[in-house]
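Okay, here's what each chain looks like letter by letter:
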Amino acid sequence: MADVFTFGESMVIFQTHEIGNLEDLPQIYQKVGGAESNFATGLARLGHKVSYMSKVGNDPFGRRILKSIRSEGIDTTYFRMMEEAPTGLLFKEQKFSDTMNVYYYRGASAASRMEKEDLPEEIFSELKYLHITGVTPALSNSCKELVSEAIDLARKYKVKIIFDPNIRFKLWDRKEAFTVLNAIADKADYILAGMEEAAFLTNQKEIGSICRTLQTNEQQVIVIKRGSESTVLYENGNFKEISAVKVNNVIDPVGAGDAFAAGFVHGLLQNCHLEQCIRFGNTLGARVIQQYGDVEGLPSLVELNEELENEFTSDVRR
């Protein structure tokens, strides 16, 4: 049985390895990505048992995704291919060194047809963690219901909920996103949010106010990611800052948050203290953004341990 369960939309990603307008560049590469499958890949490479549920079209893109996910050792028992809808696609355009445009082609995709009846209740009885992002409820009404049902099952079986808001304003309007994502955050045990996401969800700007507003019960753990600045941990009314990992050259920023979540949950599964969980997360996030693609930079357990041993010292400022 899996220790971690997640669900969402995987897409085939098309991107160049050059800076410029997409229409002007001669080469484009095919990769696989998607917030939840990125997360699952990160955990699987670190040796954890993770199950991933999704739907893709029975087309070349869906088949590529399935092959990719299976090759990582992720459990695909609840992964489905369907004839009635296509696989979602995503195009990345690196217009400048610090500017990435993302174009979605995922309307009416197979994944948007996921529904609460697809959830395998039997898996929750053995789970340790349920991972949810804010992308899935943005896909369709049935996906919103699916997320709600997953939360109910997690609470029924006392499974801890990891929530990454992962806000995608191209998928829904801000008012709906605010309402739906805050409702999910209220029920999460761990909230892993970027600074801009957290500010949006709380209507606050100062980090202390953001954390206190986002935390709706004393048991919740709040983590605020701030890019190259320190990561903020808020628990039991206390603030801690954990230094970010220095990166000299950012190649592709997409996927950093998913990598962080994988590293953080890797720490939880090893019963590490929360500062160490964040350290794992920061390290994975830093690795991913130094390669093209959402998952290409994710390390194996051996690579992660070597990097932590050789390059980093204690980075917690109390």
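Residues numbered from 1 in each chain as written. Predicted model: local features only at pLDDT ≥ 70, side-chain atom pairs only at ≥ 80, totals over all residues. Heavy atoms only, no water.

Draft legend 1. Structural context of the overall build of the protein. Helix and strand counts for the protein stand at 10 helices and 14 strands. Seen through its C-alpha atoms, the protein measures out along the principal axes to roughly 50 × 45 × 40 Å. The buried share of the protein, taken over its 318 residues, is 56%. Sequence separation of at least 24 residues holds for 71% of the intrachain contacts in the protein that already meet a minimum separation of 6. With an accessible surface of roughly 14,100 Å², the protein has 46% of that area assigned to carbon and sulfur atoms. Computed over 35 positive and 45 negative side-chain charges, the separation of the two mean positions in the protein equals 2 Å. (Helix = DSSP H or I, 4+ residues; strand = E, 2+ residues; numbered from the N terminus. Buried < 20%, exposed > 50% of the residue type's maximum accessible area, 1.4 Å probe, protein only. Contact = heavy atoms within 4.5 Å. Areas by Shrake-Rupley, 256 points an atom, 1.4 Å probe, with all protein chains shown as cover. Lys, Arg positive; Asp, Glu negative; His and termini not counted. Charge placed at Lys NZ, Arg CZ, Asp CG, Glu CD.)

Draft legend 2. Region of interest: the packing of aromatic side chains. Applying the stated criterion across every chain yields a total of 13 aromatic pairs. Their ring planes at 85° and their centres at 6.5 Å tell us that Phe5 and Tyr78 sit as a pair that is edge-to-face. Placement of the pair is Phe5 in strand E1 (residues 4-7) and Tyr78 in the loop between helix H2 (60-71) and strand E5 (79-82), with a sequence separation of 73 residues. With a relative accessible area of 0%, Phe5 lands in the buried category. Connected via pairs of aromatic rings, a cluster forms that spans Phe5, Phe7, Tyr78 and Phe124. Sitting over the ring of Tyr104, Arg106 keeps its end group 4.7 Å from the ring centre. We note Lys170 situated over the ring of Tyr103; from NZ or CZ to the ring centre the distance is 5.2 Å. (Phe/Tyr/Trp six-rings, centres within 6.5 Å; stacked < 30°, edge-to-face > 60°. Lys NZ or Arg CZ within 6 Å of the ring centre and 35° of its normal.)

Draft legend 3. Highlighting unusual backbone geometry. The backbone phi angle of Asn236 is positive, close to 50°, even though this residue is not glycine. Here Asn236 lies in the loop between strand E12 (231-235) and strand E13 (238-242). In this structure, Asn271 is a non-glycine residue whose phi angle is positive, near 60°. In this structure, Asn271 sits in the loop between helix H8 (256-269) and helix H9 (274-288). Residue Asn271 is classed as exposed on the basis of its relative accessible area of 70%.

Draft legend 4. Seen up close, the sheet that holds strand E3 (residues 29-33). Across the sheet, 4 strands lie side by side as E3-E2-E6-E7; this open sheet has mixed pairing. Both edges of this open sheet fall to E3 and strand E7 (99-105), since each of them pairs with a single strand only. Each adjacent strand pair in this sheet contributes to an overall mean axis angle of 30°, direction not counted. For strand E2 (residues 11-15) and E3, the ladder comprises 5 bridges, and the chain directions are antiparallel. Residue pairing for E3: Val12 is matched across the bridge by Val32. H2 rests against E2, E3 and strand E6 (89-96) of the sheet, and its axis sits at about 60° to E3. (Pairing = 2+ DSSP bridges. Axes fitted to C-alpha atoms, helices over the stretch in contact; angles between N-to-C directions.)

Draft legend 5. How the structure looks around the nonpolar core. In this structure, Phe5, Phe7, Phe124, Leu130, Ile132 and Ile224 are the most contacted members of the largest nonpolar core, which totals 46 residues. Per-element accounting of this core gives the leading share, 7 residues, to helix H4 (residues 141-156). Here Leu130 is in contact with Phe5, Phe7, Phe124, Ala150, Ile151, Ala154, Val159, Lys160, Ile161 and Ile162, once residues within four sequence places are set aside. (Core = buried A, V, L, I, M, F, W, Y, C linked by side-chain atoms within 4.5 Å.)

Draft legend 6. Fine view of the pairing of strand E10 (residues 190-194). In terms of burial, E10 is a largely internal element, 5 of the 5 residues being buried. Side chains Tyr190, Leu192 and Gly194 of E10 all project onto a buried face; the interleaved residues Ile191 and Ala193 project onto the opposite face, where all are buried too. In terms of strand pairing, strand E9 (residues 160-164) meets E10 through 2 bridges, oriented parallel. Each residue of the ladder has a partner; that of Phe163, found in E10, is Ile191. Handedness of the crossover joining E9 and E10 through helix H5 (residues 174-187): right-handed. Two strands pair when backbone bridges link them, and E10 and strand E11 (residues 221-225) are joined in this way by 5 bridges, in the parallel orientation. Following the sheet pairing, Ala193 is matched in E11 by Ile224. (Right-handed = clockwise from strand over helix to strand, strands pointing away.)

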